[in-house]
Amino acid sequence: MLTNLQKNSHLLWRAGFGPAAAQLPLLNNLTPAQLFKNLQQSAAKTPGYLDATNDHLKGLFKSIQEGGQTMEREERRAIVRQALQAVKDLNLLWLDEMVQSPAQLREKIAFFWHGHFTARGQHIFFQQQMLHLIRENALGSFRTLLHSVSKSAAMLNFLNAQQNRKDHPNENFAREVMELFTLGRGHYTETDVKEAARAFTGWSATIGGDFYFRRAQHDGGTKTVLGKTGNFGGEEVLDILLEKKETARYITQKIYRFFVNETADKEKVDWLANRFYQSDYNIGAMMQDIFTADWFYDPKNGGAKIKSPVELLVGLQRILPMQIENKDSLQLLQRLLGQVLFYPPNVAGWPGGTAWIDSSTLLTRMRLPQLLSNRDDLNLKPKTDDDQMMGRGEMANSKMGGFNKGQLLQASINWNAYIKGFENVSRQQLLQAISSTLLQKNTEVNEQALHAYIDSSSRESYIRSATLQIMSLPEYQVC
(Lines give C-alpha, C1' and ligand atoms only; values in the text may rest on other atoms or scores of the structure.)
Protein backbone atom coordinates (compact mmCIF):
# COMPACT_ATOMS: atom_id res chain seq x y z
CA MET A 1 0.00 0.00 0.00
CA LEU A 2 1.39 3.38 -1.00
CA THR A 3 1.39 6.25 1.47
CA ASN A 4 -0.38 9.49 0.60
CA LEU A 5 3.01 11.09 -0.08
CA GLN A 6 3.97 8.28 -2.44
CA LYS A 7 0.63 8.45 -4.28
CA ASN A 8 0.96 12.19 -4.80
CA SER A 9 4.58 11.88 -5.91
CA HIS A 10 3.56 9.12 -8.32
CA LEU A 11 0.79 11.34 -9.72
CA LEU A 12 3.11 14.32 -10.17
CA TRP A 13 5.65 12.21 -12.05
CA ARG A 14 3.07 10.72 -14.40
CA ALA A 15 0.75 13.72 -14.86
CA GLY A 16 3.70 16.10 -14.86
CA PHE A 17 7.47 16.15 -14.55
CA GLY A 18 7.72 15.40 -10.85
CA PRO A 19 7.15 17.56 -7.77
CA ALA A 20 8.55 21.07 -7.55
CA ALA A 21 10.34 22.05 -4.36
CA ALA A 22 7.46 24.36 -3.39
CA GLN A 23 5.03 21.42 -3.67
CA LEU A 24 6.78 19.18 -1.15
CA PRO A 25 4.65 20.32 1.83
CA LEU A 26 1.50 19.53 -0.20
CA LEU A 27 2.42 15.91 -0.78
CA ASN A 28 1.26 14.96 2.70
CA ASN A 29 -1.60 17.44 3.02
CA LEU A 30 -3.62 16.93 -0.18
CA THR A 31 -5.37 13.80 -1.34
CA PRO A 32 -4.48 12.58 -4.85
CA ALA A 33 -7.97 13.61 -6.00
CA GLN A 34 -7.43 17.15 -4.73
CA LEU A 35 -3.98 17.32 -6.28
CA PHE A 36 -5.24 16.13 -9.65
CA LYS A 37 -8.00 18.73 -9.53
CA ASN A 38 -5.32 21.38 -9.03
CA LEU A 39 -3.42 20.01 -12.03
CA GLN A 40 -6.54 20.18 -14.18
CA GLN A 41 -7.27 23.76 -13.16
CA SER A 42 -3.68 24.83 -13.86
CA ALA A 43 -3.83 23.27 -17.33
CA ALA A 44 -7.16 24.87 -18.32
CA LYS A 45 -5.67 28.13 -19.62
CA THR A 46 -4.76 28.33 -23.32
CA PRO A 47 -0.96 28.13 -23.60
CA GLY A 48 1.07 31.02 -24.94
CA TYR A 49 2.89 30.69 -28.24
CA LEU A 50 6.55 29.78 -27.76
CA ASP A 51 8.56 31.94 -30.16
CA ALA A 52 12.32 31.42 -30.49
CA THR A 53 12.79 33.68 -33.54
CA ASN A 54 14.06 37.26 -33.55
CA ASP A 55 12.87 40.21 -35.63
CA HIS A 56 15.76 39.83 -38.08
CA LEU A 57 14.87 36.21 -38.88
CA LYS A 58 11.17 37.09 -39.11
CA GLY A 59 12.00 39.89 -41.54
CA LEU A 60 14.13 37.68 -43.75
CA PHE A 61 11.48 34.99 -43.77
CA LYS A 62 8.76 37.48 -44.66
CA SER A 63 10.89 38.84 -47.50
CA ILE A 64 11.34 35.33 -48.89
CA GLN A 65 7.59 34.72 -48.62
CA GLU A 66 6.85 37.85 -50.60
CA GLY A 67 9.55 37.05 -53.14
CA GLY A 68 10.99 40.50 -52.67
CA GLN A 69 14.58 39.59 -51.96
CA THR A 70 17.16 37.75 -54.05
CA MET A 71 19.85 36.11 -51.94
CA GLU A 72 23.29 34.80 -52.64
CA ARG A 73 24.22 31.28 -51.56
CA GLU A 74 26.11 32.51 -48.49
CA GLU A 75 23.14 34.62 -47.40
CA ARG A 76 20.89 31.59 -47.64
CA ARG A 77 23.37 29.54 -45.65
CA ALA A 78 23.40 32.24 -42.99
CA ILE A 79 19.60 32.04 -42.76
CA VAL A 80 19.77 28.26 -42.43
CA ARG A 81 22.29 28.63 -39.59
CA GLN A 82 20.04 31.15 -37.83
CA ALA A 83 17.05 28.86 -38.25
CA LEU A 84 18.97 25.90 -36.82
CA GLN A 85 20.00 27.99 -33.84
CA ALA A 86 16.37 29.05 -33.38
CA VAL A 87 15.30 25.37 -33.23
CA LYS A 88 17.86 24.88 -30.45
CA ASP A 89 16.50 27.97 -28.70
CA LEU A 90 12.97 26.55 -29.04
CA ASN A 91 14.23 23.36 -27.44
CA LEU A 92 15.38 25.35 -24.40
CA LEU A 93 12.23 27.48 -24.32
CA TRP A 94 10.00 24.43 -24.11
CA LEU A 95 12.31 22.67 -21.66
CA ASP A 96 12.09 25.72 -19.40
CA GLU A 97 8.29 25.74 -19.77
CA MET A 98 8.24 22.12 -18.61
CA VAL A 99 10.27 23.10 -15.55
CA GLN A 100 8.51 26.33 -14.61
CA SER A 101 4.93 26.05 -15.83
CA PRO A 102 2.17 25.26 -13.32
CA ALA A 103 0.33 23.65 -16.27
CA GLN A 104 2.23 20.41 -15.73
CA LEU A 105 -0.60 18.21 -16.98
CA ARG A 106 -0.78 20.02 -20.32
CA GLU A 107 2.97 20.09 -20.87
CA LYS A 108 3.37 16.40 -19.99
CA ILE A 109 0.61 15.32 -22.37
CA ALA A 110 1.98 17.65 -25.06
CA PHE A 111 5.34 15.90 -24.53
CA PHE A 112 3.58 12.58 -25.18
CA TRP A 113 2.02 13.91 -28.40
CA HIS A 114 5.44 15.29 -29.43
CA GLY A 115 6.68 11.69 -29.50
CA HIS A 116 3.52 10.41 -31.19
CA PHE A 117 3.14 12.95 -34.00
CA THR A 118 6.78 13.21 -34.98
CA ALA A 119 7.67 15.76 -37.64
CA ARG A 120 11.39 16.37 -37.55
CA GLY A 121 12.58 19.35 -39.55
CA GLN A 122 14.83 22.39 -39.73
CA HIS A 123 12.13 24.97 -40.49
CA ILE A 124 11.80 26.89 -37.23
CA PHE A 125 8.46 28.52 -38.07
CA PHE A 126 6.92 25.16 -38.98
CA GLN A 127 8.27 23.58 -35.78
CA GLN A 128 6.88 26.41 -33.64
CA GLN A 129 3.49 26.08 -35.29
CA MET A 130 3.46 22.30 -34.75
CA LEU A 131 4.45 22.66 -31.09
CA HIS A 132 1.68 25.15 -30.50
CA LEU A 133 -0.86 22.82 -32.11
CA ILE A 134 -0.02 19.94 -29.78
CA ARG A 135 0.18 22.14 -26.68
CA GLU A 136 -3.10 23.87 -27.51
CA ASN A 137 -4.95 20.60 -28.19
CA ALA A 138 -3.09 18.33 -25.77
CA LEU A 139 -6.13 17.80 -23.51
CA GLY A 140 -8.84 18.46 -26.07
CA SER A 141 -10.19 16.30 -28.87
CA PHE A 142 -7.96 13.74 -30.53
CA ARG A 143 -10.14 14.19 -33.61
CA THR A 144 -9.27 17.89 -33.75
CA LEU A 145 -5.62 17.19 -32.97
CA LEU A 146 -5.33 14.57 -35.72
CA HIS A 147 -6.91 16.82 -38.34
CA SER A 148 -4.83 19.84 -37.30
CA VAL A 149 -1.51 18.02 -37.18
CA SER A 150 -2.21 16.26 -40.49
CA LYS A 151 -2.60 19.65 -42.17
CA SER A 152 0.38 21.27 -40.43
CA ALA A 153 3.28 22.45 -42.55
CA ALA A 154 5.74 20.51 -40.40
CA MET A 155 3.98 17.18 -40.98
CA LEU A 156 3.25 17.82 -44.67
CA ASN A 157 6.91 18.64 -45.32
CA PHE A 158 8.30 15.82 -43.19
CA LEU A 159 6.22 13.17 -44.96
CA ASN A 160 6.70 14.52 -48.49
CA ALA A 161 3.22 15.87 -49.24
CA GLN A 162 4.69 17.97 -52.04
CA GLN A 163 5.45 14.71 -53.85
CA ASN A 164 1.89 13.38 -53.48
CA ARG A 165 0.32 14.24 -56.83
CA LYS A 166 -2.44 12.90 -59.01
CA ASP A 167 -1.23 9.90 -61.07
CA HIS A 168 1.96 9.76 -58.93
CA PRO A 169 0.78 9.40 -55.31
CA ASN A 170 3.34 9.33 -52.50
CA GLU A 171 2.29 6.87 -49.79
CA ASN A 172 4.40 8.19 -46.90
CA PHE A 173 1.74 10.08 -44.99
CA ALA A 174 -1.07 7.61 -45.74
CA ARG A 175 1.05 4.76 -44.38
CA GLU A 176 2.24 6.55 -41.26
CA VAL A 177 -1.16 7.97 -40.37
CA MET A 178 -2.51 4.41 -40.31
CA GLU A 179 0.45 2.57 -38.81
CA LEU A 180 1.68 5.11 -36.26
CA PHE A 181 -0.94 7.80 -35.69
CA THR A 182 -4.26 5.90 -35.62
CA LEU A 183 -4.92 2.19 -36.30
CA GLY A 184 -1.59 0.52 -35.65
CA ARG A 185 -0.17 -2.38 -37.63
CA GLY A 186 -2.41 -5.23 -38.72
CA HIS A 187 -5.59 -3.21 -39.12
CA TYR A 188 -5.21 -2.06 -42.71
CA THR A 189 -4.01 -3.44 -46.04
CA GLU A 190 -1.56 -2.21 -48.65
CA THR A 191 -4.56 -1.43 -50.83
CA ASP A 192 -5.96 0.80 -48.07
CA VAL A 193 -2.65 2.70 -48.00
CA LYS A 194 -2.62 3.17 -51.78
CA GLU A 195 -6.22 4.32 -51.88
CA ALA A 196 -5.76 6.69 -48.93
CA ALA A 197 -2.67 8.18 -50.56
CA ARG A 198 -4.84 9.11 -53.54
CA ALA A 199 -7.25 10.90 -51.18
CA PHE A 200 -4.40 12.99 -49.75
CA THR A 201 -3.09 14.10 -53.16
CA GLY A 202 -2.97 17.87 -53.46
CA TRP A 203 -2.39 18.48 -49.75
CA SER A 204 0.38 21.02 -49.30
CA ALA A 205 1.45 24.09 -47.31
CA THR A 206 2.52 27.56 -48.25
CA ILE A 207 5.98 28.83 -47.36
CA GLY A 208 4.25 30.74 -44.58
CA GLY A 209 2.97 27.50 -43.03
CA ASP A 210 -0.69 27.71 -44.05
CA PHE A 211 -2.45 24.62 -45.38
CA TYR A 212 -2.90 24.80 -49.14
CA PHE A 213 -5.00 22.45 -51.27
CA ARG A 214 -3.60 22.09 -54.79
CA ARG A 215 -6.83 21.15 -56.49
CA ALA A 216 -5.17 20.48 -59.86
CA GLN A 217 -2.97 17.83 -58.18
CA HIS A 218 -5.86 16.05 -56.42
CA ASP A 219 -7.13 12.67 -57.59
CA GLY A 220 -10.87 13.17 -57.80
CA GLY A 221 -11.68 9.55 -58.57
CA THR A 222 -13.49 7.01 -56.43
CA LYS A 223 -11.47 5.36 -53.66
CA THR A 224 -12.14 2.44 -51.33
CA VAL A 225 -10.57 2.75 -47.86
CA LEU A 226 -11.21 0.25 -45.06
CA GLY A 227 -14.34 -1.01 -46.77
CA LYS A 228 -15.85 2.40 -47.51
CA THR A 229 -16.13 3.72 -51.06
CA GLY A 230 -16.53 7.29 -52.25
CA ASN A 231 -14.91 10.30 -53.82
CA PHE A 232 -12.87 10.84 -50.68
CA GLY A 233 -10.54 13.68 -49.81
CA GLY A 234 -8.02 13.51 -47.01
CA GLU A 235 -10.43 14.81 -44.36
CA GLU A 236 -12.88 11.99 -45.08
CA VAL A 237 -10.12 9.40 -44.80
CA LEU A 238 -9.09 10.75 -41.38
CA ASP A 239 -12.71 10.47 -40.24
CA ILE A 240 -12.90 6.90 -41.56
CA LEU A 241 -9.83 6.05 -39.46
CA LEU A 242 -11.46 7.61 -36.41
CA GLU A 243 -14.62 5.56 -36.97
CA LYS A 244 -12.62 2.40 -36.37
CA LYS A 245 -12.54 1.28 -32.75
CA GLU A 246 -9.03 -0.03 -33.40
CA THR A 247 -7.88 3.60 -33.45
CA ALA A 248 -9.29 4.25 -29.98
CA ARG A 249 -7.65 1.11 -28.66
CA TYR A 250 -4.28 1.78 -30.29
CA ILE A 251 -4.08 5.32 -28.90
CA THR A 252 -5.34 4.20 -25.49
CA GLN A 253 -2.77 1.43 -25.21
CA LYS A 254 0.02 3.82 -26.14
CA ILE A 255 -1.21 6.33 -23.55
CA TYR A 256 -1.51 3.58 -20.93
CA ARG A 257 2.06 2.42 -21.57
CA PHE A 258 3.36 6.00 -21.32
CA PHE A 259 1.40 7.20 -18.28
CA VAL A 260 0.63 4.03 -16.29
CA ASN A 261 2.77 0.98 -16.97
CA GLU A 262 4.80 -0.22 -19.95
CA THR A 263 3.14 -3.61 -19.50
CA ALA A 264 -0.39 -2.90 -20.66
CA ASP A 265 -3.33 -4.38 -18.72
CA LYS A 266 -5.73 -5.60 -21.45
CA GLU A 267 -8.87 -5.32 -19.34
CA LYS A 268 -8.13 -1.76 -18.27
CA VAL A 269 -7.02 -0.70 -21.75
CA ASP A 270 -10.24 -2.11 -23.22
CA TRP A 271 -12.34 -0.22 -20.64
CA LEU A 272 -10.50 3.05 -21.25
CA ALA A 273 -10.59 2.63 -25.04
CA ASN A 274 -14.34 2.06 -25.03
CA ARG A 275 -14.92 5.24 -23.02
CA PHE A 276 -12.45 7.15 -25.22
CA TYR A 277 -14.34 6.08 -28.34
CA GLN A 278 -17.77 6.86 -26.85
CA SER A 279 -16.58 10.35 -25.82
CA ASP A 280 -15.55 11.03 -29.44
CA TYR A 281 -11.91 10.98 -28.41
CA ASN A 282 -11.94 13.36 -25.43
CA ILE A 283 -8.32 13.25 -24.27
CA GLY A 284 -8.90 15.15 -21.02
CA ALA A 285 -11.69 12.79 -20.00
CA MET A 286 -9.45 9.76 -20.53
CA MET A 287 -6.66 11.30 -18.47
CA GLN A 288 -9.17 11.88 -15.68
CA ASP A 289 -10.27 8.24 -15.94
CA ILE A 290 -6.64 7.18 -15.53
CA PHE A 291 -5.43 9.55 -12.83
CA THR A 292 -8.50 9.18 -10.59
CA ALA A 293 -8.66 5.38 -10.80
CA ASP A 294 -7.71 3.38 -7.73
CA TRP A 295 -5.70 0.97 -9.89
CA PHE A 296 -3.45 3.80 -11.09
CA TYR A 297 -2.03 3.92 -7.54
CA ASP A 298 -1.42 0.17 -7.36
CA PRO A 299 2.16 -0.38 -6.07
CA LYS A 300 2.99 -2.33 -9.24
CA ASN A 301 2.62 0.91 -11.24
CA GLY A 302 4.90 2.94 -8.98
CA GLY A 303 8.48 3.02 -10.25
CA ALA A 304 7.46 0.90 -13.25
CA LYS A 305 8.79 3.32 -15.89
CA ILE A 306 12.33 4.36 -16.70
CA LYS A 307 12.44 8.14 -16.83
CA SER A 308 13.11 9.45 -20.31
CA PRO A 309 16.08 11.84 -20.58
CA VAL A 310 13.77 14.85 -20.80
CA GLU A 311 11.75 13.68 -17.78
CA LEU A 312 14.97 13.17 -15.83
CA LEU A 313 16.42 16.59 -16.71
CA VAL A 314 13.18 18.47 -16.09
CA GLY A 315 12.40 16.60 -12.87
CA LEU A 316 15.80 17.42 -11.39
CA GLN A 317 15.35 21.11 -12.14
CA ARG A 318 11.87 21.15 -10.63
CA ILE A 319 12.73 19.63 -7.29
CA LEU A 320 16.07 21.47 -7.04
CA PRO A 321 15.31 24.99 -8.29
CA MET A 322 18.38 26.27 -10.09
CA GLN A 323 19.83 28.84 -12.40
CA ILE A 324 21.93 27.40 -15.22
CA GLU A 325 24.31 29.86 -16.84
CA ASN A 326 25.37 27.80 -19.86
CA LYS A 327 21.96 26.48 -20.87
CA ASP A 328 23.32 25.07 -24.12
CA SER A 329 24.75 22.30 -21.97
CA LEU A 330 21.19 21.05 -21.46
CA GLN A 331 21.09 20.23 -25.16
CA LEU A 332 24.36 18.35 -24.91
CA LEU A 333 22.92 16.36 -22.01
CA GLN A 334 19.89 15.51 -24.12
CA ARG A 335 22.21 14.12 -26.78
CA LEU A 336 24.35 12.23 -24.28
CA LEU A 337 21.22 10.66 -22.78
CA GLY A 338 19.56 9.91 -26.13
CA GLN A 339 16.59 12.28 -26.47
CA VAL A 340 16.74 15.70 -28.12
CA LEU A 341 13.48 17.62 -28.35
CA PHE A 342 12.45 18.22 -32.00
CA TYR A 343 14.90 15.56 -33.22
CA PRO A 344 13.26 12.14 -32.77
CA PRO A 345 15.27 9.33 -34.37
CA ASN A 346 12.57 8.57 -36.95
CA VAL A 347 8.85 8.90 -37.66
CA ALA A 348 8.06 6.29 -34.98
CA GLY A 349 9.50 8.57 -32.29
CA TRP A 350 11.60 7.44 -29.34
CA PRO A 351 11.24 3.75 -28.39
CA GLY A 352 11.42 4.43 -24.64
CA GLY A 353 11.59 1.77 -21.93
CA THR A 354 14.86 -0.10 -21.54
CA ALA A 355 16.12 1.55 -24.76
CA TRP A 356 16.97 4.58 -22.61
CA ILE A 357 19.60 2.64 -20.70
CA ASP A 358 22.99 1.40 -21.77
CA SER A 359 26.36 1.43 -20.03
CA SER A 360 27.13 4.96 -21.26
CA THR A 361 23.78 6.62 -20.56
CA LEU A 362 23.41 4.98 -17.14
CA LEU A 363 26.77 6.36 -16.04
CA THR A 364 25.81 9.85 -17.25
CA ARG A 365 22.41 9.62 -15.56
CA MET A 366 23.90 8.66 -12.21
CA ARG A 367 26.46 11.48 -12.37
CA LEU A 368 23.88 14.16 -13.21
CA PRO A 369 23.14 15.21 -9.60
CA GLN A 370 26.84 15.76 -8.91
CA LEU A 371 27.19 17.70 -12.15
CA LEU A 372 24.31 19.94 -11.22
CA SER A 373 25.85 20.65 -7.85
CA ASN A 374 29.21 21.51 -9.46
CA ARG A 375 30.89 18.59 -7.76
CA ASP A 376 31.87 16.68 -10.87
CA ASP A 377 33.29 17.36 -14.32
CA LEU A 378 32.20 15.61 -17.46
CA ASN A 379 34.12 15.58 -20.69
CA LEU A 380 32.19 13.24 -22.94
CA LYS A 381 31.49 13.64 -26.61
CA PRO A 382 28.04 12.48 -27.74
CA LYS A 383 27.83 9.77 -30.33
CA THR A 384 27.44 10.99 -33.90
CA ASP A 385 23.95 9.89 -34.90
CA ASP A 386 23.33 11.03 -38.45
CA ASP A 387 19.79 9.65 -38.39
CA GLN A 388 18.86 11.67 -35.35
CA MET A 389 20.81 14.77 -36.35
CA MET A 390 19.67 14.63 -40.00
CA GLY A 391 23.13 14.27 -41.49
CA ARG A 392 24.51 17.13 -39.37
CA GLY A 393 26.25 15.02 -36.75
CA GLU A 394 29.65 16.67 -36.83
CA MET A 395 28.21 20.17 -36.96
CA ALA A 396 25.89 19.33 -34.09
CA ASN A 397 28.83 18.02 -32.03
CA SER A 398 30.76 21.23 -32.58
CA LYS A 399 27.81 23.57 -31.99
CA MET A 400 25.98 21.97 -29.07
CA GLY A 401 28.43 23.44 -26.59
CA GLY A 402 29.65 22.23 -23.24
CA PHE A 403 31.95 19.28 -23.76
CA ASN A 404 35.08 21.31 -24.49
CA LYS A 405 34.79 23.03 -21.12
CA GLY A 406 36.07 21.62 -17.90
CA GLN A 407 32.70 22.01 -16.25
CA LEU A 408 29.67 20.86 -18.16
CA LEU A 409 27.01 22.61 -16.10
CA GLN A 410 27.29 25.95 -14.36
CA ALA A 411 24.31 25.62 -12.05
CA SER A 412 23.37 27.51 -8.93
CA ILE A 413 20.86 25.56 -6.84
CA ASN A 414 18.41 27.29 -4.50
CA TRP A 415 18.72 24.73 -1.74
CA ASN A 416 16.60 26.73 0.71
CA ALA A 417 13.40 26.10 -1.25
CA TYR A 418 14.06 22.35 -1.20
CA ILE A 419 15.26 22.11 2.41
CA LYS A 420 12.13 23.92 3.59
CA GLY A 421 10.13 20.85 2.54
CA PHE A 422 11.77 18.88 5.38
CA GLU A 423 11.64 21.50 8.14
CA ASN A 424 9.22 19.44 10.26
CA VAL A 425 11.18 16.18 9.96
CA SER A 426 13.37 15.09 12.85
CA ARG A 427 17.07 14.48 12.23
CA GLN A 428 16.62 10.76 12.87
CA GLN A 429 13.91 10.52 10.19
CA LEU A 430 15.57 12.73 7.57
CA LEU A 431 17.14 10.01 5.42
CA GLN A 432 13.91 8.03 5.25
CA ALA A 433 11.90 11.17 4.46
CA ILE A 434 14.28 12.21 1.68
CA SER A 435 14.29 8.69 0.27
CA SER A 436 10.48 8.46 0.31
CA THR A 437 10.23 11.81 -1.47
CA LEU A 438 12.77 11.03 -4.19
CA LEU A 439 12.27 7.32 -4.87
CA GLN A 440 9.11 5.92 -6.40
CA LYS A 441 9.51 2.39 -5.10
CA ASN A 442 9.42 1.23 -1.49
CA THR A 443 13.18 0.84 -1.53
CA GLU A 444 15.16 0.36 1.65
CA VAL A 445 18.25 2.51 1.13
CA ASN A 446 21.50 1.23 2.58
CA GLU A 447 21.84 3.82 5.31
CA GLN A 448 25.26 2.62 6.44
CA ALA A 449 26.69 2.79 2.91
CA LEU A 450 25.20 6.22 2.24
CA HIS A 451 26.47 7.71 5.49
CA ALA A 452 30.03 7.22 4.28
CA TYR A 453 29.30 9.91 1.67
CA ILE A 454 26.92 12.16 3.59
CA ASP A 455 28.10 15.38 5.20
CA SER A 456 26.71 15.42 8.75
CA SER A 457 28.35 18.65 9.85
CA SER A 458 24.99 20.48 9.85
CA ARG A 459 21.34 19.76 9.13
CA GLU A 460 21.51 21.67 5.85
CA SER A 461 24.66 19.87 4.72
CA TYR A 462 23.09 16.54 5.66
CA ILE A 463 19.98 17.17 3.54
CA ARG A 464 21.99 18.43 0.58
CA SER A 465 24.51 15.60 0.51
CA ALA A 466 21.94 12.88 1.27
CA THR A 467 19.73 14.18 -1.54
CA LEU A 468 22.56 14.08 -4.06
CA GLN A 469 23.56 10.57 -3.00
CA ILE A 470 20.01 9.22 -3.30
CA MET A 471 19.55 10.91 -6.68
CA SER A 472 22.72 9.12 -7.82
CA LEU A 473 21.23 5.68 -7.11
CA PRO A 474 19.91 3.49 -9.95
CA GLU A 475 16.52 3.54 -8.20
CA TYR A 476 16.17 7.26 -8.98
CA GLN A 477 16.07 6.46 -12.70
CA VAL A 478 12.52 5.09 -12.46
CA CYS A 479 9.23 6.80 -11.75
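Residues numbered from 1 in each chain as written. Predicted model: local features only at pLDDT ≥ 70, side-chain atom pairs only at ≥ 80, totals over all residues. Heavy atoms only, no water.

**As for the overall build of the chain**
Basically, it comes down to this: Strands here mean DSSP runs of E at least two residues long; helices mean DSSP runs of H or I at least four residues long; both are numbered from the N terminus. The globule rule used here is 2.2 Å times the number of residues to the 0.38 power, and the radius of gyration it is set against is calculated over C-alpha atoms. Here the Shrake-Rupley method, with its probe set to 1.4 Å, supplies the accessible areas, and only the displayed protein chains count as covering residues. In this count, Lys and Arg are taken as positive residues and Asp and Glu as negative ones, while His and the chain termini are left out. Note that the charge is assigned to NZ on lysines, CZ on arginines, CG on aspartates and CD on glutamates.
For the chain, the helix and strand inventory stands at 23 helices and 6 strands. For 479 residues, the compact-globule estimate of 2.2 N^0.38 gives 23 Å, and the C-alpha radius of gyration of the chain, at 24 Å, lies within 12% of that figure. Taken over the C-alpha atoms alone, the chain extends approximately 80 × 55 × 40 Å along its principal axes. Carbon and sulfur atoms provide 47% of the accessible area of the chain, an area that totals close to 20600 Å². When the 54 basic and 49 acidic side-chain charges of the chain are each reduced to a single mean position, those positions are 0 Å apart.

**Observations regarding the packing of aromatic side chains**
Stated precisely, the cut-off is as follows: Two rings from Phe, Tyr or Trp (for Trp, the six-membered ring) form a pair when their centres are within 6.5 Å of each other. A pair whose planes differ by under 30 degrees is stacked, one over 60 is edge-to-face, and the rest are tilted. Residue burial is assigned from relative accessible area. The probe radius is 1.4 Å, only protein chains are included, and a residue is buried under 20% of its type maximum, exposed over 50%, and partly exposed in between. Charge-over-ring placement is defined geometrically: NZ (Lys) or CZ (Arg) within 6 Å of the ring centre, and within 35 degrees of the ring normal.
Going through the model one piece at a time under the given rule, you end up with 25 aromatic pairs. Between Phe-291 and Phe-296, the aromatic rings sit 5.1 Å apart at their centres with planes inclined by 85°, giving edge-to-face as the arrangement. For Phe-291, a relative accessible area of 1% corresponds to the buried category. Look at Phe-296 and you get buried, because its relative accessible area is 0%. Between the NZ or CZ atom of Lys-151 and the centre of the ring of Trp-203, over which it lies, the distance is 5.5 Å.

**Brief notes about the pattern of salt bridges**
Under the convention used in this document: For this document, the term salt bridge refers to a Lys or Arg side-chain nitrogen within 4 Å of an Asp or Glu carboxyl oxygen.
Per the counting criterion, the structure on display carries 22 salt bridges. Its salt-bridge partner being Asp-51, residue Lys-58 comes within 2.9 Å of it at the nearest N-O pair. What emerges from the salt-bridge pattern is a single network uniting Glu-97, Arg-106, Glu-107 and Arg-135.

**Overview of helix 17 (residues 328-337)**
Summarising burial for helix 17: 9 of the 10 residues are buried, a large majority. Among all positions of helix 17, only Ser-329, Leu-330, Gln-331, Leu-332, Leu-333, Gln-334, Arg-335, Leu-336 and Leu-337 are buried. Gly-338, located one to two residues past helix 17, shows a positive phi value of around 100°.

**Some words on unusual backbone geometry**
Even without being a glycine, Asp-167 presents a positive backbone phi close to 75°. Position of Asp-167 relative to the elements: it lies in the loop between helix 9 (153-158) and helix 10 (172-181). The residue Leu-226 is not glycine, and still its phi comes out positive at about 50°.

**Structural notes on the environment of Lys-266**
Convention followed: The term polar contact refers here to a pair of N or O atoms within 3.5 Å; inside protein, the definition further demands a hydrogen-donor-capable atom paired with an acceptor-capable atom, and it admits residues adjacent in sequence only when both atoms are side-chain atoms.
Here Lys-266 is to be found in helix 14 (residues 266-278). Among the polar contacts listed, one links the side chain of Lys-266 to the side chain of Asp-270, at a separation of 2.8 Å.

**Quick look at the packing of helix 5 (residues 73-100) against helix 16 (residues 309-319)**
Which entries qualify depends on this criterion: Inter-axis angles, ranging from 0 to 180 degrees, are taken between N-to-C directions of lines fitted to C-alpha atoms, where helices are fitted over the stretch in contact. Any angle between 65 and 115 degrees counts as roughly perpendicular, while under 35 counts as roughly parallel, over 145 as roughly antiparallel, and the rest as oblique. It is the rotation of the near helix from the far one that decides the hand of a crossing: anticlockwise by less than a right angle makes it left-handed, clockwise makes it right-handed. Residues are treated as being in contact if the distance between any of their heavy atoms lies within 4.5 Å. Lys, Arg, Asp and Glu make up the charged group, whereas Ala, Val, Leu, Ile, Met, Phe, Trp, Tyr, Cys and Pro make up the nonpolar group; the residues left over, Gly among them, are polar.
Between helix 5 and helix 16, whose axes approach to 8 Å, the crossing angle comes to 50°. Between helix 5 and helix 16, the angle falls in the class oblique. Like other packed secondary-structure pairs, helix 5 and helix 16 cross with a definite hand, here right-handed. Of helix 16, the residues touching helix 5 (which contributes Leu-95, Met-98 and Val-99) are Val-310, Val-314, Gln-317 and Arg-318. Of the residues assigned to the contact of helix 5 with helix 16, the class counts are 5 nonpolar, 1 polar and 1 charged.

**Considerations on the layout of surface pockets**
Going by this rule: Cavity: a set of points on a 1 Å grid over the protein atoms alone where a 1.4 Å probe fits but cannot get out. Pocket: an open set with protein on both sides within 12 Å along at least five of seven lines, its lining residues, like those of a cavity, having an atom within 4 Å of a point. Grid points are joined across faces, edges and corners, and a volume is the space filled by probe spheres set on the points.
Here the largest pocket is characterised by a volume of approximately 750 Å³. In terms of lining, the largest pocket is formed by 29 residues, of which the most central are Lys-254, Arg-257, Phe-258, Trp-350 and Pro-351. Secondary structure elements with two or more residues in the lining of the largest pocket: helix 6 (104-116), helix 10 and helix 13 (245-259). The element that contributes the greatest number of residues to the lining of the largest pocket is helix 13, accounting for 7 residues. Here the lining of the largest pocket is composed, by residue class, of 11 nonpolar, 10 polar and 8 charged. The space that makes up the second largest pocket amounts to roughly 490 Å³. Elements with a minimum of two residues in the lining of the second largest pocket: helix 3 (32-43), helix 5, helix 16 and strand 5 (322-324). Among the elements that line the lining of the second largest pocket, the one with the most residues is helix 5, at 5 residues. In terms of residue class, the lining of the second largest pocket is built from 14 nonpolar, 8 polar and 3 charged.

**Thoughts on empty space enclosed by the protein**
Under the counting rule described, the total for this entry stands at 5 cavities of 30 Å³ or more. Volume-wise, the largest cavity comes out at about 90 Å³. Of all the secondary structure elements, the ones that give two or more residues to the lining of the largest cavity are helix 6 and helix 7 (124-136). With 4 residues, the single largest contributor to the lining of the largest cavity is helix 7. Each residue belonging to the lining of the largest cavity can be placed in one class, and the counts come to 8 nonpolar, 3 polar and 1 charged. Taken as a whole, the second largest cavity encloses approximately 60 Å³ of empty space. Around the second largest cavity sit Leu-156, Leu-159, Asn-160, Ala-161, Asn-164, Asn-170, Phe-173, Phe-200 and Trp-203, which together line it. Partitioned by chemical class, the residues of the lining of the second largest cavity number 6 nonpolar, 3 polar and no charged.

**Some remarks on helix 7**
Heads up, the rule is: Helices are assigned an expected span. That span is 1.5 Å times one less than the residue count.
Over its 13 residues, helix 7 runs 18 Å from end to end, which matches the ideal 18 Å to within 8%, given 1.5 Å per residue. Across the 13 residues of helix 7, 11 count as buried, placing the element largely inside the fold. Considered for burial, the residues of helix 7 that qualify are Ile-124, Phe-125, Phe-126, Gln-127, Gln-128, Met-130, Leu-131, His-132, Leu-133, Ile-134 and Arg-135.

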